[in-house]
Amino acid sequence: MRPDLHHLFRIDKLPHIWCPGCGHGIITRTIGEAIAESDLDLEQTVIVSGIGCSSRASGYMNFDTLHTLHGRALAFATGVKLSNPQLNVFVLTGDGDATAIGGNHFIHAARRNINLNVILFNNNIYGMTGGQYSPLTPTGKMATTSPYGNIENNFDIPALAIASGASYVARGTAFHDKLLVDCIKEGIKNKGFSLIEAMSMCPTSYGRRNKMGTPADMLNDLKTSAVNINVAKKLTPEKLEGKFLIGTLHHKPYREFTEEYDKLIDRLRKEDI
Amino acid sequence: MSELKMEKKHFLSGDEAVAYAVKLCKPDVIAAYPITPQTVIVEKISEFVAAKEMDCQYLHVESEHSAMAASMGASLMGSRTFTATSSQGLLYMCEMLHYVSGSRFPIVMVNANRTVAAPWNIYGDHRDSLSQRDSGWIQIYVENAQEALDATIQAYKIAENSCVSLPVMVNLDGFVLTHTYELVDIPNQEMVDEFLPSFTTTNKLDFNNPKSLCFSASPEWQTEFRYQQYEAMEAAKKIINKADEEFGKIFGRYYGGMIEEYRCADADYALVAMGSVAGTTRLVVDKLREEGKKVGLVKLRSYRPFPKEYFQKLGRRVKAVGVIDRDISFGYEGAVYSDVKGALFHPGAQVKTINFIAGLSGRDITKEYLTEMYQKLEAIDKGQNIAEVQFTGLRWT
């Protein structure tokens with residue numbers, strides 16, 4: 001039995017504005033579910049988002065929420081967390097928001113290992129502005145700005161996060177929603193920068209242009225292209241060709257930024273005395 | 001007029017009209033980043049490039065800041081460039097706006113006027129571009145899609161004039177102009193080529209004449225650079241008028257250069273408006289004229305440089321002037337109003353003035369509102385006491 005989440009959403013703001021077949025609604029529910037199952041104090045929880053389809057999610061969630069500037073959600077969230085490290089701070093962002101216009105904030109927030117829970121909705125496109133390619137549009141795929149196919153290479157978001165210093169990194173999909181809930185819950189438990197890449201789908205601005213079929217077909221693609229990391233360990237490289245890994249990809253807790261900051265303040269206060 | 005018949009009428013949105021203008025101006029490099037309500041411009045251009053109807057490098061960059069940086073990089077190689085933005089995007093490239101104008105690169109950009117957050121809102125007003133008043137860019141405001149097309153072509157002519165060599169921002173109202181359709185004449189290529197020759201400049205990197213661009217200038221020289229920018233803006237006043245005249249001779253459409261007067265010759269009361277609201281105001285002027293009211297419209301096309309000399313003269317001929325501001329400079333009054341008032345009150349002027357703050361964040365400026373504005377101008381002229389700054393259609397006071 002999945003939990004009743006009505007109290008976590010602004011019911012008067014529903015139905016949402018995402019297109020039929022969009023994966024973002026499923027992902028937004030998983031965030032609510034992970035929060036409900038993690039026993040968080042809802043009064044001490046803040047949700048910060050940037051700009052784009054992903055970042056509409058904060059508007060539907062019944063918390064203290066901030067809908068900030070394009071690419072800057074992590075910068076705002078860093079300020080929120082530093083001002084009161086006791087708060088549970090979630091950041092909802094997208095592939096364009098977090099890795100293009102906000103790429104710098106992304107690597108530096110990860111580098112500091114600041115205790116934020118980041119859910120990155122990856123729909124492989126700038127959906128809200130009508131389908132321009134993002135750093136996560138796969139090479140070769142069509143977008144309004146790549147009518148002959150995208151010639152650029154993509155970020156590997158988990159690899160980028162790990163290399164930058166994130167202490168918890170996982171990936172789920174709109175199909176593997178239960179796994180996504182578990183990953184977000186692990187991220188909440190982790191004291192440090194937690195990055196969960198949530199693979200979504202955009203039938204309107206990406207799927208249609210790339211002849212990917214119905215939203216159900218796209219959901220099925222997520223199902224068949226994803227391989228759980230525990231299963232992948234037993235598979236040969238040939239079998240993993242064209243697949244992507246899901247589950248907890250990295251978990252290595254180490255010194256967290258707001259704690260180190262508090263320690264510094266304590267130390268200097270003592271030295272002054 | 002046989003040449004004019006060669007123009008073809010198309011049913012276009014303001015954004016599409018701009019895209020056709022850009023195509024006709026043959027830029028070498030286009031930097032694009034999407035933002036509502038501008039996105040259709042760069043999207044339409046990408047279709048032209050894809051269809052090989054345009055021969056240019058098209059860059060899809062990762063932010064507006066990068067869009068302007070890439071445009072400047074291309075411009076300093078001697079290329080003609082184009083980019084478009086709006087609202088938050090314009091603010092994000094603010095640092096680059098100053099960098100481009102200070103380095104004197106004649107970049108042309110179209111800004112789809114949209115308000116700025118917070119609160120978030122995607123609809124139109126002039127708060128985005130007016131906040132960039134002092135960035136050193138020429139700012140032109142247009143009334144309809146045809147003017148958006150024509151002003152974009154004129155913008156290159158103005159920017160690339162060697163006496164000017166400044167960037168130009170063409171502003172069209174978000175949604176009201178960007179997303180509405182009208183019949184637009186698309187000039188033929190030969191006529192545009194005649195009006196706008198290919199771009200040549202000495203302000204570029206050249207292996208045969210090595211030089212340093214974007215350098216530092218110490219306090220000993222900085223003032224002289226700023227003086228040159230000041231002079232270039234003053235020179236632009238003539239060039240904007242001249243470009244419009246030349247354009248009119250070739251294409252048969254005139255816009256008045258920096259300002260256009262509508263039924264002002266014998267007017268007692270004039271409203272000053274920028275952008276699409278000028279169109280509605282014309283209708284109101286006609287209606288009030290039928291009723292015997294001596295009213296007129298001053299359409300302000302060039303906000304920077306500002307036609308100070310024109311308003312100095314206007315202040316001696318009319319009894320009252322109202323300025324419609326689709327913005328507010330918090331702590332004072334509408335930004336356009338301050339400038340108009342400053343010029344009107346030339347010694348000898350007895351004119352009365354009111355500032356109408358209207359059309360913020362996409363709220364309509366209706367004919368009824370405009371009629372009320374003219375009534376208020378008459379009322380202050382007759383001695384009635386009316387607060388100087390009026391918020392039009394306010395839900396409460």
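Residues numbered from 1 in each chain as written. Chains lettered and ligands numbered in written order. Predicted model: local features only at pLDDT ≥ 70, side-chain atom pairs only at ≥ 80, totals over all residues. Heavy atoms only, no water.

**Details of the overall build of chain A**
Counting secondary structure elements, chain A contains 11 helices and 8 strands. The C-alpha atoms of chain A give 19 Å as radius of gyration, which agrees with the globular expectation for 273 residues (19 Å, within 12%). Across its three principal directions, the C-alpha atoms of chain A cover 70 × 45 × 40 Å. Classification of the 273 residues of chain A by burial places 52% in the buried group. (Helix = DSSP H or I, 4+ residues; strand = E, 2+ residues; numbered from the N terminus. Rg over C-alpha atoms; globule rule 2.2 N^0.38 Å. Buried < 20%, exposed > 50% of the residue type's maximum accessible area, 1.4 Å probe, protein only.)

**Side note on the packing of aromatic side chains**
Here the structure, examined in full by the defined rule, presents 15 aromatic pairs over all chains. Aromatic side chains B:F306 and B:F311 sit 5.4 Å apart centroid to centroid with 10 degrees between the ring planes, which places their arrangement in the stacked category. Overall, the relative accessible area of 11% leaves B:F306 in the buried class. Grouping aromatic residues by their ring pairs yields a cluster made of B:F195, B:F247 and B:F251. The ring of A:F257 carries the charged tip of A:R112 above its face, separated from the ring centre by 5.9 Å. Of note, B:K23 hangs over the ring of B:F48, and the distance from its end group to the ring centre comes to 4.8 Å. (Phe/Tyr/Trp six-rings, centres within 6.5 Å; stacked < 30°, edge-to-face > 60°. Lys NZ or Arg CZ within 6 Å of the ring centre and 35° of its normal.)

**Quick look at the interface of chain B and chain A**
Contacts between the two partners involve 19 residues from chain B, matched on the other side by 18 residues from chain A. Of the roughly 1300 Å² buried at the junction of chain B and chain A (both faces included), carbon and sulfur atoms supply 58%. By the criterion of area lost to chain A, the three top residues of chain B are B:Y33, B:H60 and B:W120, representing 40% of everything that side buries. Inspection of the chain B/chain A interface yields 0 salt bridges. Across the chain B-chain A interface, the total number found is 10 residue pairs in polar contact (both at pLDDT 80 or more). Taken together, the elements giving at least two residues each to the side of chain B that touches chain A come down to α2 (39-50), β3 (57-60) and α4 (87-92) of chain B. Considering each element in turn, the side of chain B that touches chain A owes the most residues, 5 residues, to α2(B). (Contact = heavy atoms within 4.5 Å. Buried area = accessible area lost by both parts, 1.4 Å probe. Salt bridge = Lys/Arg side-chain N within 4 Å of Asp/Glu carboxyl O. Polar contact = N/O pair within 3.5 Å; in protein donor to acceptor, adjacent residues only side chain to side chain.)

**Considering the confidence of the model for chain B**
The predicted coordinates ought not to be read in detail in places where the model reports low pLDDT. Per-chain confidence: chain B averages 95 in pLDDT, with 98% of residues scoring 70 or above. Overall fold confidence (pTM) sits at 0.87, and the ipTM for the predicted complex is 0.75. (pLDDT = per-residue confidence, 0-100.)

**Looking at the environment of B:N121**
All names here are of chain B. Among the secondary structure elements, N121 is positioned in the loop between β5 (108-113) and α6 (127-130). Residue classification places N121 among the partly exposed residues on the basis of a relative accessible area of 21%. The spatial distance from the C-alpha of N121 to the C-alpha of Y262 is 32 Å, given a sequence separation of 141 residues. If we skip the residues at most four places from it in the chain, N121 touches R114, T115 and S361. Engagement of the side chain of N121 in a polar contact is seen with the backbone nitrogen of Y123, the distance being 2.5 Å.

**Some remarks on the sheet that holds strand β5 (residues 168-173) of chain A**
All names here are of chain A. In space, the 8 strands of this open sheet follow the order β2-β1-β3-β4-β6-β5-β8-β7, with mixed pairing throughout. Both outer strands of the open sheet, β2 (64-67) and β7 (226-228), are each paired with one neighbouring strand and no more. For this sheet the average axis-to-axis angle between neighbouring strands, irrespective of direction, equals 20 degrees. Two strands pair when backbone bridges link them, and strand β1 (residues 45-49) and strand β3 (residues 88-94) are joined in this way by 5 bridges, in the parallel orientation. Bridging across to β3, T45 finds its partner in N88. Sheet strands in contact with helix α1 (residues 24-37) are β1, β3, β4 (117-122) and β6 (194-199), and its direction is about 165 degrees off that of β4. (Pairing = 2+ DSSP bridges. Axes fitted to C-alpha atoms, helices over the stretch in contact; angles between N-to-C directions.)

**Some words on the pattern of salt bridges**
Considering all chains together, one arrives at 41 salt bridges over all chains under this definition. Here A:K13 ties to A:D12 by a salt bridge, and the two come within 3.9 Å at their closest N and O atoms. Given the relative accessible area of 45%, A:K13 is considered partly exposed. Measuring nitrogen to oxygen at the nearest pair gives 2.5 Å for the salt bridge that ties B:R301 to B:E147. Of this pair, B:R301 sits in the loop between β11 (295-300) and β12 (302-304) while B:E147 sits in helix α7 (residues 145-159); the two residues are 154 residues apart in sequence, bridging distant segments of the chain. We note that B:R301, like B:E147, is buried. Among the charged side chains, a network of salt bridges with common partners joins B:E143, B:E147, B:E260, B:R282, B:K299 and B:R301.

**Digging into the nonpolar core**
Counting 57 residues, the largest nonpolar core has B:I45, B:F82, B:I138 and B:I153 as its most contacted members. Residue contacts for B:I138: discarding those within four places in its chain leaves B:I158, B:V164, B:L166, B:P167, B:V168, B:M169, B:M233, B:A236, B:I240, B:R304 and B:P305. A:C22, A:L92, A:L180 and A:Y206 belong to the second-largest nonpolar core, a separate cluster that totals 42 residues. (Core = buried A, V, L, I, M, F, W, Y, C linked by side-chain atoms within 4.5 Å.)

**Quick notes on the state of the cysteines**
Residues and elements named next belong to chain A. One pass over the structure, following the stated rule, counts 0 disulfides over all chains. C22 takes part in no disulfide bond, and the closest cysteine sulfur, belonging to C53, lies 6.4 Å away. Considering cysteine sulfurs only, C19 is the nearest to C202, which forms no disulfide, with 6.4 Å between them. Since its relative accessible area comes to 9%, C202 is described here as buried. (Disulfide = S-S within 2.5 Å.)

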